[in-house]
Amino acid sequence: MVTDLNNMAQVEFDNLMAEIKKERPNLFQFIADFVDRKVSTEEMEDFLKMEQSDQVDYIKSYQARV
C-alpha cells in the first residue's frame, strides 16, 4: 500500500499514525523522536541512506530518547 501524505486529510493521517503506533511501536517512537527533535536531521539522513535490511534492524532495536 502506497499512501500519498500530501493529499491525506488530517483524520486519515491520524488513523495511519495510530495504526503505526499499535503495530510498529519502535517505528512510531523513531518518528515521534524526529518530530520532537530528539533525532537530528543528519541522523535521519543517515537512516535513509541505509539498506532496507539495516533500517529494519535499526528500528527493531530503537530505544526512545530522553
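Above this text sits the structure in question.
Anyway, here's the lowdown on the structure attached to this text. (Residues numbered from 1 in each chain as written. Predicted model: local features only at pLDDT ≥ 70, side-chain atom pairs only at ≥ 80, totals over all residues. Heavy atoms only, no water.)

## As for the nonpolar core
And step 1. Grouped together as the largest cluster of nonpolar side chains are six residues: Phe 30, Val 39, Met 44, Phe 47, Ile 59 and Tyr 62.
And step 2. Once you skip the residues sitting within four places of it in the chain, Met 44 turns out to touch Phe 30, Phe 34 and Val 39. (Core = buried A, V, L, I, M, F, W, Y, C linked by side-chain atoms within 4.5 Å. Buried < 20%, exposed > 50% of the residue type's maximum accessible area, 1.4 Å probe, protein only. Contact = heavy atoms within 4.5 Å.)

## What to know about the side chain of Gln 55
And step 1. Tracing the backbone shows Gln 55 in helix H4 (residues 52-60).
And step 2. For Gln 55, a relative accessible area of 18% translates into the label buried.
And step 3. Aside from chain neighbours lying at most four places away, what touches Gln 55 is Phe 47, Leu 48 and Met 50. (Helix = DSSP H or I, 4+ residues; strand = E, 2+ residues; numbered from the N terminus.)

## Structural notes on the packing of aromatic side chains
And step 1. Considering all chains together, one arrives at five aromatic pairs under this definition.
And step 2. An angle of 55 degrees between the planes, with centres 4.9 Å apart, marks the rings of Phe 30 and Phe 47 as tilted. In this pair, Phe 30 is assigned in helix H2 (residues 25-35) and Phe 47 in helix H3 (residues 41-49), connecting sequence segments 17 residues apart. The burial state of Phe 30 is the same as that of Phe 47; both residues are buried.
And step 3. Within the aromatic cluster, the residues linked to one another by ring pairs are Phe 30, Phe 47, Tyr 58 and Tyr 62. (Phe/Tyr/Trp six-rings, centres within 6.5 Å; stacked < 30°, edge-to-face > 60°.)

## Notes on the packing of helix H1 (residues 10-23) against H2
And step 1. Interaxial distance between H1 and H2 falls to 5 Å at its minimum, and their mutual angle equals 125 degrees. One way to sum up the angle between H1 and H2 is to call them oblique. Two secondary-structure elements touch here, H1 through Met 17, Ile 20, Lys 21, Lys 22 and Glu 23 and H2 through Pro 25, Leu 27, Phe 28 and Ile 31.
And step 2. A per-class count over the contact of H1 with H2 returns six nonpolar, no polar and three charged. (Axes fitted to C-alpha atoms, helices over the stretch in contact; angles between N-to-C directions. Parallel < 35°, antiparallel > 145°, perpendicular 65-115°, else oblique. Nonpolar A, V, L, I, M, F, W, Y, C, P; charged D, E, K, R; others polar.)

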